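Descriptive analysis of the structure
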Amino acid sequence: MKPEEITIVVPCRNEADTLLPLYKELKSRTYKVLVPIAKSSSDGTRELCEKNAIPHFMDSGSGKGAGLRESLAHISTPYLVFMDADGSHDLNDIPEMAKKLVSADLVIGSRLQGGSMELYDGSFGSFLRSFFTICINQIVNSRFNSRITDTQNGFRAARTESLKKLNLTGNTFEIETEMVMKALKKGMKIEEVASREYPRKFGGSGVSLVRHGWRYLLCVLSNLF
Ligand SMILES: Nc1nc2c(ncn2[C@@H]2O[C@H](COP(=O)(O)OP(=O)(O)O)[C@@H](O)[C@H]2O)c(=O)[nH]1
Ligand SMILES: [Mg+2]
């Protein structure tokens, strides 16, 4: 598959510090790019896109999940990749993901196989988050008899048409879990590749277990059956 057949979707909420170099690098590899921007983004990310002719749209304001869901209506390529704008994902992992998309609907970058400086940085917060991630993996794998090592990673590739069939509804960071559970329920093929995750270059994660933890749990429960 050619890079022009892949749209790299880079959701952004206040990522003006890192978006432009990432965009230039993606364009130099001839990928298509689409940037869903959070309604609440206030650091000039939108102006940066306008100034540099970066294809973008403003999401409805409900969160990252809404941004990803809404991007599907704007994509004209058969394949897509979701990746963070914060410098934590390695675009050298994309060709390996694309290769597996030939026979899979969804290809997840696995931080458990490739390593993560965000999930395992030694802090108590990262301990809680990685523990939570592993619990969700185990629940999903026991329910669907699957062997997925990272149900949560936002760095992933998919067939555009397959994702459209899932009727995703998640508004925030639970969207990745919903995507995996609905794809498994529909009998779609999910593969993983080892992917590395680096610390984000600026700012902090938007994920908070206090604010988002209940959404993950509700998402898992409502997609079990
Ligand atoms: N469009 C959009 N993007 C968002 C929103 N919230 C976060 N993002 C982006 O989604 C990506 C993942 O968020 P991040 O805070 O890095 O989460 P983490 O990597 O899981 O810690 C980043 O590129 C954010 O800028 C939102 O409400 N809308
Ligand atoms: Mg991130």
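Anything mentioned here points back to the structure above.
Residues numbered from 1 in each chain as written. Chains lettered and ligands numbered in written order. Predicted model: local features only at pLDDT ≥ 70, side-chain atom pairs only at ≥ 80, totals over all residues. Heavy atoms only, no water.

According to the stated counting rule, one finds 14 salt bridges in the structure shown. For glutamate 96, the salt bridge is made with lysine 99, and the minimal N-O distance between the two is 3.4 Å. Taken together, the residues span about one helical turn, with glutamate 96 and lysine 99 both in helix H4 (residues 94-101) at a distance of three residues. Here glutamate 96 falls in the partly exposed class, since its relative accessible area comes to 38%. A relative accessible area of 57% places lysine 99 in the exposed class. Here glutamate 161 makes a salt bridge to lysine 164, at a shortest N to O gap of 3.8 Å. Taken together, the residues glutamate 161 and lysine 164, both in helix H7 (residues 160-165) and three residues apart, mark about one turn of the helix. Under the relative-accessibility criterion, lysine 164 is labelled partly exposed at 36%. (Salt bridge = Lys/Arg side-chain N within 4 Å of Asp/Glu carboxyl O. Helix = DSSP H or I, 4+ residues; strand = E, 2+ residues; numbered from the N terminus. Buried < 20%, exposed > 50% of the residue type's maximum accessible area, 1.4 Å probe, protein only.)

Attention shifts here to the environment of aspartate 150. With respect to the helices, strands and loops of the structure, aspartate 150 is situated in the loop between helix H6 (124-144) and strand S6 (156-159). Classification of aspartate 150 as buried rests on a relative accessible area of 0%. Measuring from C-alpha to C-alpha, the distance between aspartate 150 and threonine 133 comes to 7.5 Å, with 17 residues separating the pair along the chain. Sequence-distant contacts of aspartate 150, defined by excluding residues within four places in its chain, comprise Ile108, Gly109, Ser110, Arg111, Leu112, Thr133, Asn137 and Glu192. Polar side-chain contacts of aspartate 150 include one of 2.7 Å to the side chain of arginine 111. (Contact = heavy atoms within 4.5 Å. Polar contact = N/O pair within 3.5 Å; in protein donor to acceptor, adjacent residues only side chain to side chain.)

Taken together, Asp84 (OD) and Asp86 (OD) make up the full set of protein donors to the magnesium ion (ligand 2), lying 2.1 Å away. The pair formed by aspartate 84 and aspartate 86 is uniform in burial state, with each residue classed as buried. (Donors = N, O, S within 2.8 Å, 3.2 Å for Na, K, Ca; no water.)

Quick look at the site of ligand 1 now. Surrounding ligand 1, one finds 20 residues, the nearest of these being Glu15, Asp59, Arg129, Ser205 and Gly206. Separating an oxygen atom of ligand 1 from a backbone N or O atom of arginine 13 is a distance of 2.8 Å. Within the side chain of aspartate 59, one N or O atom sits 2.7 Å away from a nitrogen atom of ligand 1. Here ligand 1, which alone exposes 580 Å², has 93% of that area covered by the protein. Partitioned by chemical class, the residues of the shell around ligand 1 number eight nonpolar, three polar and nine charged. (Near = heavy atom within 4 Å. Areas by Shrake-Rupley, 256 points an atom, 1.4 Å probe, with all protein chains shown as cover. Nonpolar A, V, L, I, M, F, W, Y, C, P; charged D, E, K, R; others polar.)

Our focus in this paragraph is helix H9 (residues 209-222). Along its 14 residues, H9 runs 19 Å from first to last C-alpha, staying within 8% of the 20 Å computed at 1.5 Å per residue. Those residues of H9 lying buried are His212, Gly213, Tyr216, Cys219 and Val220. Taken end-on, H9 shows its buried residues confined to a sector of 130 degrees, consistent with a single buried face. Residues Val210, Arg211, Leu218, Leu221 and Ser222 are exposed on H9 and point more than 90 degrees away from its buried face. In this fold, the buried residues of H9 make contact with H6 and helix H8 (175-185). (Expected span 1.5 Å × (residues − 1). Arc of directions from axis to C-beta.)

This part covers the packing of H6 against H9. The N-to-C vectors of H6 and H9 enclose an angle of 5 degrees; their axes lie 12 Å apart at closest approach. Considering the angle they form, H6 stands roughly parallel to H9. Where H6 approaches H9, its residues Leu128, Arg129, Phe132, Ile136 and Ile139 are matched on the opposing element by Leu209, Gly213, Tyr216, Leu217 and Val220. Tallied by class, residues from the contact of H6 with H9 come to eight nonpolar, one polar and one charged. (Axes fitted to C-alpha atoms, helices over the stretch in contact; angles between N-to-C directions. Parallel < 35°, antiparallel > 145°, perpendicular 65-115°, else oblique.)

The analysis is restricted to geometry; functional conclusions fall outside its scope.
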